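Now for the letters of each chain:
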Amino acid sequence: MEEPYLAMRREYLMPGCSLEVFRVICSRYIVFPSTEGQFFDYRSLRAFHRTLSIMTSTVVPILFIQILLSIVVTTTLAGPITITRETFRTCRPGTWGGIPSDCCPPKLIKGPIVDFCPTFDASKPLRVRKALQCLSGHELETYTRKLERGYALMRALPDSDPRSFKRQNAIHCAYGTGSFVQDGSTNLTIDIHLNWLFLPWHRMFVYFHERILQKLLGDPEFSLHFWNFDNSVTATPRHGSRGCYFKAGHFVPPMYNDPSKATFEANRSFMTFEPNRPVDIALDLSQLNPLLGPPIFPNNTVEEQTRMNREIMHRSMITLANTTNFIGKAYRVGDARIVNPAAGAGTIELWPHITLHTYIGGWMLQPITAPIDPIFYPFHANMERLWSVWRKLGYGNDDPTDPDWLDATFLFWDENAVMRRVKVRDFLDLNALGYRYEEVNDASWIFFDNSTSSSAP
């Protein structure tokens, strides 16, 4: 005699549905409560026949229609997020974490919008962005003097100049608070955080910030160096290696904590001003509530914090970091803005990005004001460096190939106050952008699982 499961599968399901799958459906879903509170046992073949007849005549057509509508809507709306003149024209006040913002750029873009196309001059050496903790002596003095002068000139620009320090904060605010609305929509707002646009957009932002500094300084070779906060171990460089290995970078760089410098910002958490306290990038994000301010950070010893930082970097960059998890959730035309970090942020955006923003506190606690603090820029320079490191780690670490990611398009003012149209695909090759990063001790967290102490390389 034929098994009842097989008979039912033949009558009600397509032949391609396996017997094992159908048996699971039967065993899990054929006992239902009646209106009288009793339970009918649908393991009776005849009773189950009657139930499936009702379901196939009513539920299946409805599901088919829903699937069809979903395909039509997705096909119609899907596409890369694209910022246009219309996007600027319809900009409106936004919010972040329940905090209102009003930071729209001028609604009318004057002049042409010029496509950005990176060009690599093979005859010139790449500029090198260096680790701040290893700058010393004359090199540190020269860099500090130039950066201070650059920020003095940038802050002196009128607010009407899109290259001004204030206006650069405002453009980050507009892109990060839902102030921009998807063209043709009235309620689908845009945010470059908590999705797959986070890494490329911030690379663009730092790149044009650096270009503006070069223009103001009259020095096209000036490089904005990075804060190597993920490096928690002082190590001896391997034979023949070159780079910054001999000094940990997990302290706030002194030049950003000196009140006499233009890179100083007083509006930070008290912990950032303690010279021997390593940053905490391992914060439990469930404690974070923007309306309540920064959470209370544990008072860990240097050894405890070093180990925790290395562990969270290993998890974020290696253990949990396949392409989807690392880059973040897909975000296309027709998608609603993601406001919950757990719903869309990639692992690198969660740890160390959000955790370090929270640790620094002050202006850095929210995207409305984060670039007001000059430390934002060397911090994000290191974030994009870590993206490059992840790509080199192997394990199938490849950027998305989806055209909706590659062709996502944004508008930025360049060093000449000309509006540039920029695509993600144009910001994937650092060589084409003309710079590289100094090598540092990434092994301090890459090989964390093989370590036996906080001093292991």
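Rules and cut-offs
- Residues numbered from 1 in each chain as written.
- Predicted model: local features only at pLDDT ≥ 70, side-chain atom pairs only at ≥ 80, totals over all residues.
- Heavy atoms only, no water.
- Helix = DSSP H or I, 4+ residues; strand = E, 2+ residues; numbered from the N terminus.
- Buried < 20%, exposed > 50% of the residue type's maximum accessible area, 1.4 Å probe, protein only.
- Contact = heavy atoms within 4.5 Å.
- Areas by Shrake-Rupley, 256 points an atom, 1.4 Å probe, with all protein chains shown as cover.
- UniProt positions renumbered as here; feature names shortened; annotations may be inferred.
- Pairing = 2+ DSSP bridges.
- Axes fitted to C-alpha atoms, helices over the stretch in contact; angles between N-to-C directions.
- pLDDT = per-residue confidence, 0-100.
- Phe/Tyr/Trp six-rings, centres within 6.5 Å; stacked < 30°, edge-to-face > 60°.
- Lys NZ or Arg CZ within 6 Å of the ring centre and 35° of its normal.
- Polar contact = N/O pair within 3.5 Å; in protein donor to acceptor, adjacent residues only side chain to side chain.
- Core = buried A, V, L, I, M, F, W, Y, C linked by side-chain atoms within 4.5 Å.

A. Focus on the overall build of the chain. Counting its regular elements, the chain contains 15 helices and 9 strands. When each of the 457 residues of the chain is scored for burial, the buried share is 51%. Considering only contacts within the chain whose residues lie at least 6 apart along the sequence, 71% involve residues at least 24 apart. With the model as given, the accessible surface of the chain reaches about 21,900 Å², and the carbon-plus-sulfur share is 58%.

B. Geometry of the environment of W413. Tracing the backbone shows W413 in strand 7 (residues 409-413). The exposure class assigned to W413 is buried, which follows from its relative accessible area of 16%. Distance from W413 to P162, taken between C-alpha atoms, is 6.6 Å for residues 251 residues apart in sequence. Those residues in contact with W413 that lie beyond four places of it in its chain are F88, P105, P162, R167, I171, F208, I212, V418 and M419.

C. Just the UniProt feature "domain: Tyrosinase copper-binding" (unreviewed entry) in the chain, in detail. Mapped onto this numbering, the UniProt entry gives "domain: Tyrosinase copper-binding" (unreviewed entry) at residues 193-210. Spanning residues 193-210, this segment combines 72% helix with 0% strand, and its end C-alpha atoms are found 21 Å apart.

D. A look at the sheet that holds strand 7. Across the sheet, 3 strands lie side by side as 5-8-7; this open sheet has mixed pairing. With partners counted over all chains shown, the strands left at the sheet margins are strand 5 (113-115) and strand 7, one partner each. Along the sheet, successive strands turn relative to each other by an average axial angle of 35°, direction set aside. Note that strand 7 and strand 8 (residues 419-423) share 5 bridges and pair antiparallel. Of the residues in strand 8, the one forming a bridge with F412 is R420. Contacting strand 7 and strand 8, helix 7 (residues 198-217) crosses the sheet at an angle of about 20° to strand 7.

E. How the structure looks around the confidence of the model for the chain. Scored by pLDDT, the chain comes out at a mean of 84, with 80% of its residues at no less than 70. The low-confidence segment residues 1-49, where pLDDT is below 50, has 51 contacts with residues more than four positions distant or belonging to other chains. In the model, residues 450-457 has pLDDT below 50 throughout and makes 16 contacts with residues more than four positions away in sequence or in other chains.

F. Molecular detail of the packing of aromatic side chains. Scanning the entire structure with this criterion turns up 29 aromatic pairs. For the ring pair Y175 and W201, a centre distance of 5.1 Å and an interplane angle of 55° mean the geometry is tilted. In this pair, Y175 sits in helix 6 (residues 165-176) while W201 sits in helix 7, placing the two residues 26 residues apart along the sequence. Across the pair, exposure class does not vary: Y175 and W201 are buried alike. Seen from the ring of F165, R155 lies directly overhead, with NZ or CZ sitting 4.5 Å from the centre. The ring of W351 carries the charged tip of R315 above its face, separated from the ring centre by 5.9 Å.

G. A look at the side chain of D404. For D404, the position within the fold is in helix 13 (residues 403-406). At a separation of 2.7 Å, a polar atom in the side chain of D404 contacts the side chain of R332. Ignoring sequence-local partners within four residues, the contact set of D404 consists of A78, G79, P80, W196 and R332.

H. Here's a closer look at the nonpolar core. Counting 101 residues, the largest nonpolar core has W227 and F410 as the members making the most contacts within it. A per-element tally of this core places helix 7 first, with 12 residues.

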